[in-house]
Amino acid sequence: TQLQKQSEHDKEIAMICSCLEMIHRANPDAIAQTWDECGTEILPLLVSVLERPFQKIERAVWNALYNQNMSGGGAAGANNVPGSLERAVAMAVTRDQKLAVQKVTKVLAMYSLVPEAKSPMCECEGMLRWLTRIIDTHNYNRVKP
């Protein structure tokens, strides 16, 4: 089914991200060489790995709110079970997606120590938005879409 395929893809992405993080457990010169060889090409891919879980969370919130409204009028609706929105958010992201984000964040931290990487990282579309969302534990969403 679609859910099984998605789960398999998430597991593969998590494994690749884990491998990338392990490879980057090297001395600073080796990390700088890796940046020179593929850094600018890999940045958009890493950012998209950061983005995926948040897209799923946003979809889950939208679906939960839509279902509440369709089943009887918003806050007083029959489907407005306490904690249902929080449960939908918690179930939207898999363990593999969380692991991938964790590993990508570590790789980005390592790249941030390479002087030549700083400017491309600052200019990479979406980087600041998704890193801010990761650390925004109170969901203040300081970065506008």
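Enquirer: Lay out the overall build of the protein with the relevant residues and their values.
Expert: Secondary structure assignment for the protein yields six helices and zero strands. Going residue by residue from the N terminus, the α and β elements of the protein occur as α-α-α-α-α-α. By the burial criterion, 34% of the 145 residues in the protein qualify as buried. For the protein, the proportion of contacts with a sequence separation of at least 24, taken over those separated by at least 6, is 77%. Carbon and sulfur atoms form 59% of the exposed surface of the protein, whose accessible area is close to 9,600 Å².

Enquirer: Explain helix α4 (residues 95-111) to me, using residue names and the numbers behind them.
Expert: Helix length check: α4 (17 residues) gives 25 Å between terminal C-alpha atoms against 24 Å at 1.5 Å per residue, within 8%. When we look at burial in α4, the residues that qualify are Asp96, Gln97, Ala100, Val101, Lys103, Val104, Val107, Leu108, Met110 and Tyr111.

Enquirer: How would you sum up the packing of aromatic side chains? Please name residues and give values.
Expert: Counted under the stated rule, the structure contains three aromatic pairs. Measuring from centroid to centroid gives 5.1 Å for Trp35 and Tyr111, while their planes differ by 65°, and the two rings are edge-to-face. Note that Trp35 is positioned in helix α2 (residues 28-70) and Tyr111 in helix α4, a separation of 76 residues in sequence. Judged by relative accessible area, Trp35 falls into the buried class, the value being 5%. Consider the rings of Trp62 and Tyr66, whose centres lie 5.1 Å apart with planes at 10°: the pair is stacked. Taken together, the positions of Trp62 and Tyr66, both in helix α2 and four residues apart, correspond to about one turn of that helix.

Enquirer: Can you tell me about a nonpolar patch on the surface, naming the residues and giving the values?
Expert: Together, Trp62, Tyr66 and Met70 make up an exposed nonpolar region whose accessible area comes to about 390 Å². For Met70, the position within the fold is in helix α2.

Enquirer: Tell me about the nonpolar core, and name the residues and values.
Expert: Counting 30 residues, the largest nonpolar core has Leu46, Leu108, Tyr111 and Met121 as the members making the most contacts within it. Counting only elements with at least two residues in this core, the list comes to α1 (2-23), α2, α4 and α6 (127-135). Here the element with the most residues in this core is α2; it accounts for 12 residues. Those residues in contact with Leu46 that lie beyond four places of it in its chain are Leu20, Val104, Val107, Leu108 and Tyr111.

Criteria and cut-off values
- Residues numbered from 1 in each chain as written.
- Predicted model: local features only at pLDDT ≥ 70, side-chain atom pairs only at ≥ 80, totals over all residues.
- Heavy atoms only, no water.
- Helix = DSSP H or I, 4+ residues; strand = E, 2+ residues; numbered from the N terminus.
- Buried < 20%, exposed > 50% of the residue type's maximum accessible area, 1.4 Å probe, protein only.
- Contact = heavy atoms within 4.5 Å.
- Areas by Shrake-Rupley, 256 points an atom, 1.4 Å probe, with all protein chains shown as cover.
- Expected span 1.5 Å × (residues − 1).
- Phe/Tyr/Trp six-rings, centres within 6.5 Å; stacked < 30°, edge-to-face > 60°.
- Patch = residues over 30% accessible without salt bridge, like charges linked within 9 Å, V, L, I, M, F, W, Y side chains within 5 Å.
- Salt bridge = Lys/Arg side-chain N within 4 Å of Asp/Glu carboxyl O.
- Core = buried A, V, L, I, M, F, W, Y, C linked by side-chain atoms within 4.5 Å.

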